[in-house]
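# Structural description and commentary
If you want the building blocks of each chain, they are given just below.
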Amino acid sequence: MTDTDFDPVTALHEHLVATEERPVEREAGWRLGEAQALAADAAAGDLDAAVVSERAAEIETLLAEIDRTGDREADDHVAAARELARRI
């Protein structure tokens, strides 16, 4: 994939999926699970742009509630996902 092929919606979903197997705190895990479900829906490619933007805003709200996950690698993925959600 080249830089011109970069899809922020797919990247957002990938960052959230990457947190799935990490040892995160319970509260963070719940929010990450919800965010991941929304991102999967958005990344499926069958939604119009307005709905994808709404999903990204919901994801941004969920991720804003996570201060730390209890896992450094998951924290990095959450930070990247926050930035992508803002961009979408």
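Here the structure is shown first, and the text comes after it.
A quick note: this is a predicted structure, and the numbers were derived from the prediction, not measured.

This part takes up the overall build of the chain. For the chain, the count of helices and strands is four helices and zero strands. Along the chain, helices (α) and strands (β) appear in the sequence α-α-α-α when read from the amino end. The C-alpha atoms of the chain give a radius of gyration of 12 Å, which matches the 12 Å a tight globule of 88 residues would have. With the C-alpha coordinates aligned to their principal axes, the bounding extent of the chain is approximately 35 × 25 × 20 Å. Buried residues in the chain amount to 32% of all 88 residues. Long-range pairs, those at least 24 residues apart, make up 70% of the contacts in the chain with a sequence separation of at least 6. For the chain, the computed accessible surface area is about 5,500 Å², with 46% contributed by carbon and sulfur atoms. Measuring between centres, the 9 positive side-chain charges of the chain sit 7 Å from its 22 negative side-chain charges.

The residue Arg26 is located in helix α2 (residues 26-43) in this model. For Arg26, a relative accessible area of 80% gives the class exposed. Taking the C-alpha atoms as reference points, Arg26 and Gly70, separated by 44 residues in sequence, lie 9.5 Å from one another.

This part covers the side chain of Thr19. Within the element layout of this structure, Thr19 appears in the loop between α1 (8-18) and α2. Leaving out residues up to four positions away in the same chain, Thr19 has contacts with Val24, Leu32, Ala74, His77 and Val78.

Direction vectors running N to C along helix α3 (residues 49-64) and helix α4 (residues 72-87) enclose 145°, while the axes themselves pass 9 Å from each other. As for the relative orientation of α3 and α4, their crossing is left-handed in sense. Side by side, α3 and α4 meet where Ala56, Ile59, Glu60, Leu63 and Ala64 of the first sit next to Val78, Ala81, Arg82, Ala85 and Arg86 of the second. Of the residues that constitute the contact of α3 with α4, the class distribution is seven nonpolar, no polar and three charged.

This part covers the packing of α1 against α4. For the pair α1 and α4, interaxial distance at closest approach is 9 Å and the crossing angle is 155°. Classified by the angle their axes make, α1 and α4 are roughly antiparallel. As for the relative orientation of α1 and α4, their crossing is left-handed in sense. Along the contact surface, α1 presents Pro8, Ala11, Leu12, His15, Leu16 and Ala18, while α4 presents His77, Ala80, Ala81, Leu84 and Ala85. Among the residues forming the contact of α1 with α4, the class breakdown is nine nonpolar, two polar and no charged.

Conventions we followed
Residues numbered from 1 in each chain as written. Predicted model: local features only at pLDDT ≥ 70, side-chain atom pairs only at ≥ 80, totals over all residues. Heavy atoms only, no water. Helix = DSSP H or I, 4+ residues; strand = E, 2+ residues; numbered from the N terminus. Rg over C-alpha atoms; globule rule 2.2 N^0.38 Å. Buried < 20%, exposed > 50% of the residue type's maximum accessible area, 1.4 Å probe, protein only. Contact = heavy atoms within 4.5 Å. Areas by Shrake-Rupley, 256 points an atom, 1.4 Å probe, with all protein chains shown as cover. Lys, Arg positive; Asp, Glu negative; His and termini not counted. Charge placed at Lys NZ, Arg CZ, Asp CG, Glu CD. Axes fitted to C-alpha atoms, helices over the stretch in contact; angles between N-to-C directions. Left-handed = near helix turned anticlockwise from the far one by under 90°. Nonpolar A, V, L, I, M, F, W, Y, C, P; charged D, E, K, R; others polar. Parallel < 35°, antiparallel > 145°, perpendicular 65-115°, else oblique.

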